[in-house]
Each structure stands twice: as C-alpha cells, then as structure tokens.
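Inside the fold
One-letter residues, chain by chain:
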Amino acid sequence: MEQYGWIVWAVAMVLFAIVEAATVNLVSVWFVGGSLVALIVHLLGGNLWLQLAAFLVVSAVMLALLRPFVRKFVVPRKTATNADMVLGKEAYLTEAVDNLRETGAVKLDGKVWTARSLSGDVLPAGTLIRVVKLEGVKLYVEPVHAAAGV
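Source: prediction; values computed, not measured.

Moving on, we come to the packing of aromatic side chains. Applying the stated criterion to the full structure yields four aromatic pairs. Where phenylalanine 16 meets phenylalanine 55, the ring centres are 6.3 Å apart and the plane angle is 20 degrees; that geometry is what we call stacked. Of this pair, phenylalanine 16 sits in helix α1 (residues 5-22) while phenylalanine 55 sits in helix α3 (residues 48-74), and the two are 39 residues apart along the sequence. When its relative accessible area of 25% is taken as the criterion, phenylalanine 16 is described as partly exposed. The class of phenylalanine 55 is buried, set by a relative accessible area of 11%. Aromatic ring contacts, followed pair by pair, group Trp9, Phe16, Phe31 and Phe55 into a single cluster. The lysine or arginine in question, lysine 133, covers the ring of tyrosine 140, its NZ or CZ lying 4.8 Å from the ring centre.

In this section: the environment of aspartate 121. Within the element layout of this structure, aspartate 121 appears in the loop between β3 (111-117) and β4 (128-135). With 22 residues separating them in the primary sequence, aspartate 121 and proline 143 have C-alpha atoms 9.8 Å apart. Within the structure, aspartate 121 has its side chain in polar contact with the side chain of serine 119 (distance 3.0 Å).

A few words on the sheet that holds β4. Spatial ordering of the closed barrel is given by β1-β2-β3-β5-β4, a layout of five strands whose pairing is mixed. Geometrically, the sheet is characterised by an average inter-axis angle of 45 degrees between neighbouring strands, direction not taken into account. Sheet topology note: the strand β1 (residues 90-98)/β4 ladder contains three bridges and is antiparallel. Among the inter-strand pairings, glutamate 90 is bridged to a residue of β4, identified as arginine 130.

Leu93, Val106, Leu108, Ile129, Val131 and Leu139 are the most contacted members of the largest nonpolar core, which has 13 residues in total. Element by element, the count of residues in this core is highest for β1, at three residues. Residues in contact with leucine 139, not counting those within four places in the same chain, are Val86, Val106, Leu108, Trp113, Thr114, Ala115, Arg116, Val131, Lys133 and Leu134.

Turning next to the environment of alanine 54. Relative to the assigned elements, alanine 54 resides in helix α3. For alanine 54, a relative accessible area of 14% puts it in the buried group. Through-space distance from the C-alpha of alanine 54 to that of serine 35 is 8.5 Å; in sequence the pair is 19 residues apart. When near neighbours in sequence (up to four residues on either side) are disregarded, alanine 54 contacts Val37 and Val41.

Let us now look at the confidence of the model for the chain. Per-chain confidence: the chain averages 86 in pLDDT, with 88% of residues scoring 70 or above. When mean pLDDT is taken per element in the chain, β1 scores highest with 93 and helix α4 (residues 144-147) scores lowest with 67.

Cut-offs and rules
- Residues numbered from 1 in each chain as written.
- Predicted model: local features only at pLDDT ≥ 70, side-chain atom pairs only at ≥ 80, totals over all residues.
- Heavy atoms only, no water.
- Phe/Tyr/Trp six-rings, centres within 6.5 Å; stacked < 30°, edge-to-face > 60°.
- Helix = DSSP H or I, 4+ residues; strand = E, 2+ residues; numbered from the N terminus.
- Buried < 20%, exposed > 50% of the residue type's maximum accessible area, 1.4 Å probe, protein only.
- Lys NZ or Arg CZ within 6 Å of the ring centre and 35° of its normal.
- Polar contact = N/O pair within 3.5 Å; in protein donor to acceptor, adjacent residues only side chain to side chain.
- Pairing = 2+ DSSP bridges.
- Axes fitted to C-alpha atoms, helices over the stretch in contact; angles between N-to-C directions.
- Core = buried A, V, L, I, M, F, W, Y, C linked by side-chain atoms within 4.5 Å.
- Contact = heavy atoms within 4.5 Å.
- pLDDT = per-residue confidence, 0-100.

Now the structure itself:
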C-alpha cells in the first residue's frame, strides 16, 4: 500500500483544486500547495508522519503569508454610483411621508424616489426636505427647518 501513497496526495490535491475552483472565495488553495509538498516528500521516501507534517506546515505557511496579500486583489471594492449624488440635496415632498404606513415620495433630479423620515415623524406633502441617507432605492430625509435648528 505504501507504493500507492502518491495517489492519495494527488487525489487530495485535485479535490482541493476542484473545491477552490467551485467557490468564489479563497478556501482551499493553501491545501493544494500542502498536498503538492506532501506528494514530493512521499516520492522522496519520507514516511507518513513526515508527509502529514509537511502538508500541515506548508498549508499553514501559505495561509498565513498569502491570504492577506491575495485578499487585496480579490475583495470587491465599493464603486460609487450616481445615486450617491442625491445626498445633501433639497427638494419638496410630492407625497406625505409616514414610515408606519410606508408612504412617501420625493421628486429629485427628475426622478421619483421612495422617501422615509429619518426621525420617524410624519411629514406632509410639500415639505422642504434634505436627503440625509440613501438605502437601496429609499431616501431618508429630514425637514430643512429641523436641520437648521429652527
């Protein structure tokens, strides 16, 4: 059985590579390298304990050294959209805002947005508001007079 030990490490390397290819995150690339080194140790005549130690050490070193470096390139970056430009703008409500009834709308830059009150207060239609927060397609607003402290 000892002569077929290389098959175990080769199969492990292929399985770890398949798992890595099937996921979008880095989850098993470290073990591919560890399996390769263990395979080499086996082919050079190392015993099972030496192979396992090589596998664990190389996998741990690859994880510790490469993961922070690779994450810089793999982690998606936030891309600002034009929707962020509505923050801080002022407009008049076209529909009364009532968070409990889930009503409210504001027309801003030619587009009608769903509006919600940041404080939870009911705001009547025609109120001059300022956009404070954007969450999905909802604008969280506050009355301009309240923001100015009047």
